[in-house]
Amino acid sequence: MEFSVEQTGRSEERLGSLSTAHGVIETPAFMPVGTSGPVKGVDPQDLERLGFRLMLNNAYHLYLRPGHKVVAEMGGLHRFTGWPGAILTDSGGFQMFSLAKLCKVTDDGVSFQSHLDGSTHFITPETAIEIEEALGADIIMAFDHCVALPADREIVRDAVRRTTLWAKRCRDSRRRGDQALFGIVQGGVDRDLRRISARELVDLDFEGYAVGGLSVGESKDEMYGMLEATVPELPAAKPRYLMGVGMPENLLEGVARGVDLFDCVVPSRHGRTGWLFTGFGRVLIKQARYVRDERPIDPACGCWVCARYSRAYLHHLYNVKEMLASRLNTIHNLWYFSDFMRRMREAIAGGTFQEFRTGFYQAQGVESAETRAIEEQQAGGHCRSAGDN
RNA sequence: GGGCAGUUGGCGGAGUGGUCAAUCGCAACAGACUGUAAAUCUGUCGGGCAACGCCCUACGGAGGUUCGAAUCCUUCACUGCCCA
């Protein structure tokens, strides 16, 4: 993996280019999440067409099923899943945290029970790397200790210490030389601990650095504050990845603070549950107000779902639980995210990022006014809003 | 024509004297979701209000018994099954 980056001015946002054996990724970039292989609802051809060149898979899930050895025998993740682009695997540290009730954490590693069959497993930094090497992604993540917030400072401090310890063991246990390994900064919502975590990891010299342990219940200001404390500690020449984030606003603010990579389940999960992203805010497609709405989700959207389908039809598909609803909604949302990142990169290149940022906030909520005008107009004719029926 | 069973809120279906505006499921409506145990989960769901409490209308229609009826009796209507 090679990374080149240019900072256009004194501000933090930056343009980069991440070269992997499976393609070049222009940054800042968003990675869709395909936990156990696919991004739910879409296939690799969709992802390519949507403009994605990098996606995330999860080592924890693939280790449990079908097993990292099966994936290795089937030629590794790229061949197994049919995804020709680049892949980043998460180590499973976050899953340990989210399955905290089932696990015991020591400096040695994590023991936990499978959420699938209750079987007991023990994962160490070394086995996590072994799994990720077997899976064969282009970028692999260190095995970290992510704590649930809010947490006592001592617990967070201990997680930072352990994360550094594990990061070093991950680094030292690598056998393959063709994968990039990223360290993960922890530290909860404590600026000092974030700085300490970042410095300790930088000393270990990874190919990239992630900010983990955020978007776990803290406020937006806390999240942004942690980025402001962490990013300046990271080497400018290496990629910075904000894990598990997030909403478009979070991506915008992350880029404004120097983040290059993001991943989040939001476009796919929200697509499945009917929350569609647009330049003017969200469209909850299940709402009755869309029963007779002939407009596309977003008239300004360039995706092929908006080119062909009405809100009325998408509402209907959702309502009757057709699987096509999940697919089309996910495609639209992924397009929005892909396009949003592309527009941010263009704005950075053109030196208009601050204008882009201001414009984003101004546009949010515009739909309500615009839609109300149209609906009032229609209410005068035969086409009343669904609420009247 | 005779016999039996039944008629409950948008639908299905509990409830067989008071604690019933009525269990539950579906539908409907609204909301949540940020390194995916998620095509999941939560709330509301007769009407009204100065709403964590009160009032009104309600368990096919009408009448009756009772302090009190969705629940018991009479009758009418309708539905299903069985026998002619």
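Refer to the structure above for everything that follows.
Residues numbered from 1 in each chain as written. Chains lettered and ligands numbered in written order. Predicted model: local features only at pLDDT ≥ 70, side-chain atom pairs only at ≥ 80, totals over all residues.

1. Here we look at the overall build of chain A
No. 1: The secondary structure content of chain A amounts to 16 helices and 16 strands.
No. 2: The C-alpha radius of gyration computed for chain A amounts to 22 Å, which stays within 12% of the reference 21 Å derived for 389 residues, consistent with globular compactness.
No. 3: Taken along the three principal axes of its C-alpha coordinates, chain A extends 70 × 50 × 40 Å.
No. 4: Across the 389 residues in chain A, those meeting the buried criterion constitute 45%.
No. 5: Summarising the internal contacts of chain A: among those between residues at least 6 apart in sequence, 68% fall at separations of at least 24. (Helix = DSSP H or I, 4+ residues; strand = E, 2+ residues; numbered from the N terminus. Rg over C-alpha atoms; globule rule 2.2 N^0.38 Å. Buried ≥ 20, exposed ≤ 12 C-beta atoms within 10 Å, placed from the backbone. Contact = placed C-beta atoms within 7 Å.)

2. Observations concerning the packing of helix α7 (residues 153-172) against helix α8 (residues 191-204)
No. 1: Contact geometry for α7 and α8: axes closest at 10 Å, N-to-C directions at 10°. On the basis of the axis angle, α7 is roughly parallel to α8. Counted together, V156, R157, V160, T163, T164, A167, K168 and R171 of α7 and L193, I196, S197, E200, L201 and L204 of α8 form the full contact between these two elements. (Axes fitted to C-alpha atoms, helices over the stretch in contact; angles between N-to-C directions. Parallel < 35°, antiparallel > 145°, perpendicular 65-115°, else oblique.)

3. Some details on the protein's contact with RNA strand B
No. 1: Near RNA strand B there are 46 residues, and of these C146, S215, G244, G246 and V265 occur at the shortest range.
No. 2: Going through the elements one at a time, β5 (54-58), α5 (93-98), β14 (261-264), α11 (266-272) and α14 (323-349) are the ones with two or more residues in the surface near RNA strand B.
No. 3: For the surface near RNA strand B, the residue count by class is 18 nonpolar, 19 polar and 9 charged. (Near = placed C-beta within 6 Å. Nonpolar A, V, L, I, M, F, W, Y, C, P; charged D, E, K, R; others polar.)

4. A closer look at unusual backbone geometry
In terms of backbone geometry, most residues other than glycine have negative phi values and most peptide bonds are trans.
No. 1: Between R65 and the following residue, P66, the backbone shows a cis peptide bond with an omega angle of 10°.
No. 2: Tracing the backbone shows P66 in the loop between α2 (59-64) and α3 (68-73).
No. 3: Backbone geometry at S215 places phi at a positive 55°, although glycine is not the residue there.
No. 4: Relative to the helices and strands, S215 resides in the loop between β12 (208-211) and α9 (220-230).
No. 5: Residue classification places S215 among the partly exposed positions, given that 18 C-beta atoms sit within 10 Å.
No. 6: Residue K321 is not a glycine yet carries a positive backbone phi of 60°.

5. Overview of the nonpolar core
No. 1: Ranked by size, the top nonpolar core spans 105 residues in total, and within it M31, M55, A142, F182, A210, L242 and F262 carry the most contacts.
No. 2: At 11 residues, the largest contribution of residues to this core is made by α14.
No. 3: Contacts of M31, omitting those with residues within four sequence positions, involve L54, M55, L56, L88, L261, F262 and D263. (Core = buried A, V, L, I, M, F, W, Y, C linked by C-beta atoms within 7 Å.)

6. Regarding the sheet that holds strand β9 (residues 120-123)
No. 1: Reading across from one edge, β7-β8-β9 is the order of the 3 strands in this open sheet, with antiparallel pairing throughout. A single partner strand is all that each edge strand has here, and the edge strands are β7 (104-105) and β9.
No. 2: By the bridge criterion, 2 bridges tie β7 to strand β8 (residues 110-113) in an arrangement that is antiparallel. The partner of V105 across the bridge, within β8, is V110. (Pairing = 2+ DSSP bridges.)

7. With respect to α14
No. 1: An ideal rise of 1.5 Å per residue puts 39 Å on 27 residues; α14 measures up with 39 Å between its terminal C-alpha atoms.
No. 2: The positive-phi residue at the C-terminal boundary of α14 is G351, with phi of around 70°. (Expected span 1.5 Å × (residues − 1).)

8. A closer look at the pairing of strand β4 (residues 29-32)
No. 1: Neither face of β4 is open: one carries A29 and M31, the other F30 and P32, and all of them are buried.
No. 2: As paired elements, β4 and β14 share 4 bridges and run parallel to each other. Looking across to β14, one finds that P32 is bridged to C264.

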